[in-house]
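Structural overview
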Amino acid sequence: MPRFGSRSSVDPSPAAVARVTGELGRLDPFSFWVVPAGPTTRGDLVVVGATGAFVIEVCSLPGRLEFGRGAPTVGDLVIPGLLRLKKAAKHVTTTLGRASVFVEAEPVLCVTGAMAGAPTTSKGVAILHRRDLVTHISSRPRVLEHGRAQRGARALGMTIAGDDRRHFTVG
């Protein structure tokens, strides 16, 4: 079965990332913050909110999502990097912990161009279709207070409206 050798070979199209970002716009804007993943973080987006933190990688390969020999495939191509995505989630967890936001980030592979069935997990990474993403994130039990989730978004580089007018240092 063919295997991609590098991250750049499975980079999603900007349109696919925009569709996922638009889908995430359905989340409550007062409880969830969507932050672009940093250049050193594998993944495309990080969501921090009341139900936890999620490192999301977008996969826009066309075809059918299948599982064989322990590795997910789209068409005949093995989706690489699930363990690297899991490692990126641990890195985000560490970054949040430094900001006193104690929650474990969950790695999520979001397929946009493939036909996919019910959400599943492979090697500790949730794999689901874009249509299931908001439900996956919002249906979990609440684990973070509003202020802690906001602090987590700031720790990951997001500027919250009004931060420039605060009299204290954020960070």
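Look up: the structure comes first, before these words.
Below is a short write-up of the structure.

About the cut-offs
Residues numbered from 1 in each chain as written. Predicted model: local features only at pLDDT ≥ 70, side-chain atom pairs only at ≥ 80, totals over all residues. Heavy atoms only, no water. Helix = DSSP H or I, 4+ residues; strand = E, 2+ residues; numbered from the N terminus. Contact = heavy atoms within 4.5 Å. Core = buried A, V, L, I, M, F, W, Y, C linked by side-chain atoms within 4.5 Å. Buried < 20%, exposed > 50% of the residue type's maximum accessible area, 1.4 Å probe, protein only. Pairing = 2+ DSSP bridges. Axes fitted to C-alpha atoms, helices over the stretch in contact; angles between N-to-C directions.

Another point: the environment of D132. Mapped onto the elements, D132 comes out in helix α3 (residues 130-138). As a C-alpha pair, D132 and G117 span 15 residues in sequence and 9.9 Å in three-dimensional space. When neighbours within four sequence positions are excluded, D132 is seen to be in contact with G117 and P119.

Counting 30 residues, the largest nonpolar core has V55, L65 and L109 as the members making the most contacts within it. Breaking this core down by element, the ones donating at least two residues are β1 (32-36), β2 (45-49), β3 (52-59), α2 (82-98), β7 (105-111), β10 (125-129) and α4 (146-155). Ranked by residues supplied to this core, first place goes to α2 with five residues. With sequence-adjacent residues up to four places away left out, V55 is seen in contact with R42, G43, L45, V46, L85, A88, A89, V92, A105, E106, P107 and V108.

For the rest of this paragraph, the subject is the sheet that holds β1. If you trace the six strands from one edge of the open sheet to the other, you get β1-β2-β3-β7-β10-β9, paired in mixed fashion. On the outer flanks of this sheet lie β1 and β9 (120-122), each paired with one strand and no other. Within this sheet the neighbouring strands show an average axis-to-axis angle of 30°, counted without direction. Two elements, β3 and β7, share seven bridges in a ladder whose sense is parallel. Residue pairing in the sheet places A53 in a bridge with A105 of β7. Relative to the sheet, α2 contacts β2, β3, β7, β9 and β10, its axis offset from that of β7 by approximately 140°. In the packing of α3 onto the sheet, the strands contacted are β1, β2, β3, β7 and β10, and the crossing angle to β10 comes to about 130°.

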